[in-house]
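Examining the three-dimensional arrangement
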Amino acid sequence: MTMGSLTEGLYTLNFHYCRPRTEPVEGADAIIVERNPGGYLSASEIPLPRLYICMAAVFFVAAVIWVYTLMKHRYSVFKIHWLMAALAFTKSISLVFHSINFHFINTEGHPIEGWAVMYYITHLLKGALLFITLALIGTGWAFVKYILSDKEKKIFMIVIPLQVLANVAYIIIESTEEGTSEYRLWKEILFLVDLICCGAILFPVVWSIRHLQEASTTDGKAAMNLEKLKLFRHYYVMIVCYIYFTRIIAIFLKVIVPFQWQWGYEFLVEVSTLVFFVLTGFKFRPASNNPYLQLPQDEEDMEMDEV
C-alpha cells in the first residue's frame, strides 16, 4: 500500500483474535515493512534524532558552565554540587545515545543492539541520579545540614529501587511491540511507579520547609533561616511545576496535536527539563555567589567570613 499526500496520517495495524485465549493461533505468519520516504521512522519521530543531539549539546554546554562556576567558587562548593554536574553530563550522554539509537532505527529499520544497550544504561543512570539529586537537595543536605535523618534515609530506600523498576519497565516498553500483553502491563507499572517517585521526592522538601520554619522562631539567625525557607519554598513549587508539566500537560498536548507534530511532546519535555536544571543550579549555586545561602547576621559571622 502506498499513501499519497492526500491520505497521509497516523496508521496502525491491529490483529484481533476473537477466540478464547486458551486456543492458540496456528499458522499465522506476517512480514510487515512500514517505511516513509525519509526512512523507517514514523512522521512524528523523524525530527527526534536531530532534536536529541541538539539538546545533548545544550545540556553539555550547561554542564561545562556549571563546572566552571564550581571551579571559580571552589571554597564554597559542596559534594551535592558535583553530583548536579554529574547529572547534567549523564543527561547529555544519554541524549547522544538516544539520538544514535533513533538514527539507526531510521536507516536500518531496527535498533543496533550495542547502541541500544548503551542508551538504556545511561538512561538508567540518569533516572537514578535525577531522583537522588532532587531528594538530597530537598532534604537540605549540605545546605542546611550534613546528616540525613532516619525517615529521609527511608525515602532513598524507597525511591532508588522504584527508579530501577521504572527504568526496567521503560526498557521493556521500548523493546516490546505495542500489541503484546506485556506492553500494556509494563506501561501501567511505569506510569504508577513514576508518579510514586515524583510524590516521594516532595516529602523531603516539605520536611525541610517545616524544619526551617521551626528554626526561624527558635534560634538567633532568623533572617538566614527565613531566606533558606524562601529558597526551599521556591524549590517545592519548581518541582511541582516540573512534574505537572512533564507528566500531565505535555502528554495532553501530545494527544491533541496532529500526528506530524507529536514530536513536540519530546521537545517540551527536554526544554522543561533544561529550564528546571538551570533554575535549580541558579537557586543552589555555591554559597559565596548565592545570597540565599550566605547571609552573615552579626559581627562574629562577619569576622569568620573574613577569615
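Residues numbered from 1 in each chain as written. Predicted model: local features only at pLDDT ≥ 70, side-chain atom pairs only at ≥ 80, totals over all residues. Heavy atoms only, no water.

The chain is annotated in an unreviewed UniProt entry as GOST seven transmembrane domain-containing protein of Denticeps clupeoides. UniProt annotates the chain under Subcellular location (unreviewed entry) with the comment "Membrane". (UniProt positions renumbered as here; feature names shortened; annotations may be inferred.)

**Brief notes about the overall build of the chain**
Counting its secondary structure elements, the chain contains nine helices and zero strands. The secondary structure elements of the chain, listed N-terminal to C-terminal, are α-α-α-α-α-α-α-α-α. Taking all 307 residues of the chain together, the buried fraction comes to 39%. Partitioning the intrachain contacts of the chain with sequence separation of at least 6 by distance along the chain shows that 71% fall at a separation of at least 24. On the chain, roughly 18700 Å² of surface is accessible, and the fraction owed to carbon and sulfur atoms is 64%. (Helix = DSSP H or I, 4+ residues; strand = E, 2+ residues; numbered from the N terminus. Buried < 20%, exposed > 50% of the residue type's maximum accessible area, 1.4 Å probe, protein only. Contact = heavy atoms within 4.5 Å. Areas by Shrake-Rupley, 256 points an atom, 1.4 Å probe, with all protein chains shown as cover.)

**Looking at the state of the cysteines**
A covalent bond between the sulfur atoms of two cysteines is referred to as a disulfide. The final tally for this structure, using the stated rule, is zero disulfides. Note on Cys197: no disulfide assigned, nearest cysteine sulfur contributed by Cys198 at a separation of 6.9 Å. A relative accessible area of 0% places Cys197 in the buried class. (Disulfide = S-S within 2.5 Å.)

**A few points about the UniProt feature "transmembrane region" (unreviewed entry) in the chain**
Cross-referencing UniProt, the feature "transmembrane region" (unreviewed entry) maps to residues 50-70, 82-105, 117-143, 155-173, 185-207, 235-257 and 263-282 in the present numbering. Taken end to end, residues 155-173 has its terminal C-alpha atoms 26 Å apart, with 100% of it in helix and 0% in strand. Span residues 263-282 is 95% helix and 0% strand, its end C-alpha atoms 29 Å apart.

**Here's the deal with the nonpolar core**
Of all hydrophobic cores here, the largest spans 51 residues; its most connected members are Leu130, Phe131, Tyr235, Ile239 and Phe276. Among the secondary structure elements, those contributing two or more residues to this core are helix H1 (48-72), helix H2 (79-108), helix H3 (113-139), helix H4 (150-174), helix H5 (181-200), helix H6 (202-218), helix H7 (222-256) and helix H8 (264-283). Excluding its chain neighbours within four sequence positions, the residues that come into contact with Phe131 are Val159, Gln163, Asp194, Cys197, Cys198, Ile201 and Arg247. (Core = buried A, V, L, I, M, F, W, Y, C linked by side-chain atoms within 4.5 Å.)

**Remarks on H2**
Relative to the 44 Å expected for 30 residues at 1.5 Å per residue, H2 spans 43 Å between its end C-alpha atoms, a close match to the ideal helical length. Looking one or two residues beyond H2, the residue adopting positive phi is Gly109, at roughly 90°. (Expected span 1.5 Å × (residues − 1).)

**As for the side chain of Asn167**
Relative to the assigned elements, Asn167 resides in helix H4. For Asn167, the side chain forms a polar contact with the main-chain oxygen of Gln163, separated by 2.7 Å. Setting aside its immediate chain neighbours within four residues, Asn167 contacts His123, Leu124 and Gly127. (Polar contact = N/O pair within 3.5 Å; in protein donor to acceptor, adjacent residues only side chain to side chain.)

**A closer look at the packing of aromatic side chains**
Under the defined criterion, the tally for this structure stands at twelve aromatic pairs. A ring pair is formed by Tyr119 and Tyr120, whose centres lie 5.6 Å apart and whose planes are at 50°; its orientation type is tilted. There is no split in this pair, since Tyr119 and Tyr120 are both buried. Aromatic pair Tyr235 and Phe284: ring centres 5.2 Å apart, planes at 80°, arrangement edge-to-face. A residue pair is termed long-range when its members are at least 10 positions apart, and Tyr235 in helix H7 and Phe284 in the loop between H8 and helix H9 (299-306) qualify at 49 residues. Accessibility classification places Tyr235 together with Phe284 in one group, the buried group. Cluster of aromatic residues (ring-pair linked, three or more members): Phe97, Phe104 and Trp115. The ring of Tyr40 carries Arg35 above its face, with NZ or CZ at 4.6 Å from the centroid. Against the face of Phe282 rests Arg285, its NZ or CZ located 4.2 Å from the ring centre. (Phe/Tyr/Trp six-rings, centres within 6.5 Å; stacked < 30°, edge-to-face > 60°. Lys NZ or Arg CZ within 6 Å of the ring centre and 35° of its normal.)

**Topic: the side chain of Ser99**
Here Ser99 shows up in helix H2. In this structure the side chain of Ser99 is engaged in a polar contact, spanning 2.7 Å, whose partner is the backbone oxygen of Pro49. Not counting chain neighbours up to four residues away, the residues in contact with Ser99 comprise Pro49, Tyr52 and Ile53.

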